[in-house]
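Notes for the structure review
Spelled out, the chains give:
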Amino acid sequence: MGEESKKELTLSVSAPSGTSKEDHASRRTFIKNLAIAGAVIGTNALVAKKVASVVLEKDPQRAYLEDVLPGDRVMMAREYVVMTDEEKKRLVKTLIENYKKRLG
Amino acid sequence: MKREDKKTTIEKNIEGSTRRDFLKKTGSLSVAGLAGVATLMTGTKDAQARVTWAEWFQTNYRLMTEEEKREAIERLEKRYSEEYGKKVTVDGRPAQKNVLFGYALNIQKCIGCRRCVKACVKENNQSRHDPEIEWIRVIRMEKGKFSAEDMDKGYPSDYGIQVGGNAYKNAGVVLEGQHYYQPERVPEKDAFYFPIQCMQCEKPPCVKVCPVRTTYREPDGIVVIDYNWCIGCRMCMGACPYWARRFNWGEPNLPKEEMNPDTHYLGNRPRMKGVVEKCTFCLQRTRKGRYTACVEVCPVGARKFGNLLDPESEVRRILERKRVFRLRVDLNTFPKFFYFID
Ligand code: SF4
Ligand code: SF4
């Protein structure tokens, strides 16, 4: 990996300037900053942490794993129940009705 | 690199940012700001930059006219073909009429080989390293033990779970790092496997929170993202109760020779740093009547896919005849991805 790309990894979302791809980052980062401010004020602590940590992250692989791995434990702690026939019928009916409603 | 040096590099990067970044940080996307961008962009002769100049100003995909969509797609096809050195197509095909996609996964059959994960990465042009992005997680869980006192509450299944009148209780324990387990042989004696990916919720909480409405639900039920408009605020990631979304922390690393050139605007086209991505039920395939890559590759046929509006479809038959699970505590998102056993 060249020195340039190493440097780039040290920044998170806001990319250095000079190439076209980074113009996307520019618009995103601008609105993102506003949204983060809103999120921190308007949501619960967990979501705010998840959202705000974007500002400081450096190592993409580590940051990625920090996003993904806690989810495994959350998902596995959940309990599942077998649906009754009645529930399954109702579910299918709801999905079909929703579809019809949406398409007018 | 020492922590101090790293810090200095970050600071330098920030200090070295452009006028565009400066204007952005002042918090005003003003006329002056746009003029700054314009000067910068028209000053370059680079074809890619000119293409992206247009991309920068394009509107949200779902608000585009057909003509605008066509133009946006042409721009991307040109840019990607140049970038990846091969003919890349970007499909803009809308949802088919009378189709609502649903997915069913047989946890009794899954052997945890993770072929679905690899096939998905390949099909959907996910970043190969730094970070290695995977939309499907296959979690390995320890099988639980049957306990006699639960005898009257149901009957034990192979999976160490209690199934019965008072339902299904997961007795497995997921271990740290099991996301990347690499057993010599699967299935392992004391484990079972639980694949997770986007559930394409009917009422998707991720969609509700997106401040720029760049993620939305399509008529065929697939929740999509217009990457060009994603600002990377990660609100959707916080809202998704299934942890199904992935964030591009770095510029994605997609080797030219591995890039899948058959892409869809709302699906597997190459993403950029700072945007969110997730499973789209391979809409570049399924809207053409093909199976998803994961369904196709699964060696034991654990994965089933079809049209929920069609009573003859496999997924509808599963809903009718098999033991299908739902979360005990209803999250009210109406997932269209179901787990079942025979
Ligand atoms: S990260 Fe992108 S898709 Fe997600 S809420 Fe923010 S803008 Fe919307
Ligand atoms: S699983 Fe998560 S990302 Fe997928 S539609 Fe539901 S809330 Fe959105």
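Right, let's get into the overall build of chain B. Looking only at helices and strands, one finds 11 helices and 14 strands in chain B. The buried share of chain B, reckoned over its 342 residues, is 56%. Sequence separation of 24 or more characterises 66% of the internal contacts of chain B that already satisfy a separation of 6 or more. A total of about 15,300 Å² of accessible surface is found on chain B, and carbon and sulfur atoms cover 53% of it.

The next thing to look at is the overall build of chain A. The helix and strand tally for chain A stands at five helices and one strand. In chain A, the order of α-helices and β-strands from amino to carboxyl end is α-α-α-α-β-α. Across the 104 residues of chain A, 47% fall into the buried class. Roughly 5,300 Å² of accessible area belongs to chain A as shown, and the carbon and sulfur atoms make up 60% of that amount.

Axis separation between helix 5 (residues 85-102) of chain A and helix 11 (residues 314-321) of chain B bottoms out at 9 Å; the angle between their running directions is 145°. Considering the relative orientation of helix 5 of chain A and helix 11 of chain B, their crossing is left-handed. Contact with helix 5 of chain A, carried on its side by Lys88, Leu91, Val92 and Ile96 of chain A, involves Arg316, Ile318, Leu319, Glu320 and Arg321 of chain B of helix 11 of chain B and no other residues of that element. Looking at the contact of helix 5 of chain A with helix 11 of chain B residue by residue, the classes come out as five nonpolar, no polar and four charged.

Turning our eyes to something else, we now look at the confidence of the model for chain B. Residue and element names in this part refer to chain B. Overall, the prediction assigns chain B a mean pLDDT of 79, with 71% of residues at 70 or greater. Long-range and interchain partners of residues 1-45, a stretch whose pLDDT sits below 50, account for 49 contacts in this model, where long-range means more than four residues apart. In this model, residues 154-178 is a region of pLDDT below 50 whose contacts with residues beyond four sequence positions or in other chains number 71 contacts. The complex prediction reports pTM at 0.75, with the ipTM value standing at 0.76.

What the five strands build is an open sheet, ordered 1(A)-13(B)-14(B)-2(B)-12(B); its pairing is mixed. Among the strands making up the open sheet, the edge pair consists of strand 1 (80-82) of chain A together with strand 12 (303-307) of chain B. This sheet shows a mean twist of 35° between the axes of neighbouring strands, independent of strand direction.

Residue and element names in this part refer to chain B. Here Asn260 is to be found in the loop between strand 9 (246-247) and strand 10 (262-264). On the basis of relative accessible area, Asn260 is assigned to the buried category, the value being 13%. Sequence spacing of Asn260 and Lys87 is 173 residues, and the spatial spacing of their C-alpha atoms is 10 Å. If sequence neighbours within four positions are ignored, Asn260 has contacts with Lys122, Glu123, Asn125 and Asn268.

Attention now goes to the nonpolar core. In this structure, Phe194, Ile196, Tyr265, Phe281 and Tyr339 of chain B are the most contacted members of the largest nonpolar core, which totals 74 residues. If you look at the next biggest cluster of nonpolar residues, it comprises 15 residues, including Tyr99 of chain A together with Leu100, Leu308 and Ile318 of chain B.

Taken together, the neighbourhood of ligand 2 is formed by 13 residues, with Cys198, Cys201, Cys206, Cys240 and Arg245 of chain B sitting nearest. Residues belonging to the shell around ligand 2 are distributed by class as follows: 10 nonpolar, one polar and two charged.

Once that is clear, we can look at the environment of Val138 of chain B. Among the secondary structure elements, Val138 of chain B is positioned in strand 3 (residues 137-142). Between the alpha carbons of Val138 of chain B and Tyr193 of chain B there is a distance of 6.3 Å; along the sequence they are 55 residues apart.

Looking now at the site of ligand 1. Close contacts around ligand 1 come from 14 residues, with Cys210, Cys230, Cys233, Arg234 and Cys236 of chain B the closest. A per-class count over the shell around ligand 1 returns nine nonpolar, three polar and two charged.

A few words on the pattern of salt bridges. When charged atoms on two side chains of opposite charge get close, those side chains can pair. Residue and element names in this part refer to chain A. All chains considered together, the criterion is met by 25 salt bridges over all chains. Linking Arg62 and Glu66 is a salt bridge whose minimum nitrogen-to-oxygen distance equals 3.2 Å. Residue Arg62 and its partner Glu66 are located together in helix 4 (residues 60-76), separated by four residues, close to a single helical turn. The class of Arg62 is partly exposed, set by a relative accessible area of 42%.

Reading guide: rules and limits
- Residues numbered from 1 in each chain as written.
- Chains lettered and ligands numbered in written order.
- Predicted model: local features only at pLDDT ≥ 70, side-chain atom pairs only at ≥ 80, totals over all residues.
- Heavy atoms only, no water.
- Helix = DSSP H or I, 4+ residues; strand = E, 2+ residues; numbered from the N terminus.
- Buried < 20%, exposed > 50% of the residue type's maximum accessible area, 1.4 Å probe, protein only.
- Contact = heavy atoms within 4.5 Å.
- Areas by Shrake-Rupley, 256 points an atom, 1.4 Å probe, with all protein chains shown as cover.
- Axes fitted to C-alpha atoms, helices over the stretch in contact; angles between N-to-C directions.
- Left-handed = near helix turned anticlockwise from the far one by under 90°.
- Nonpolar A, V, L, I, M, F, W, Y, C, P; charged D, E, K, R; others polar.
- pLDDT = per-residue confidence, 0-100.
- Pairing = 2+ DSSP bridges.
- Core = buried A, V, L, I, M, F, W, Y, C linked by side-chain atoms within 4.5 Å.
- Near = heavy atom within 4 Å.
- Salt bridge = Lys/Arg side-chain N within 4 Å of Asp/Glu carboxyl O.

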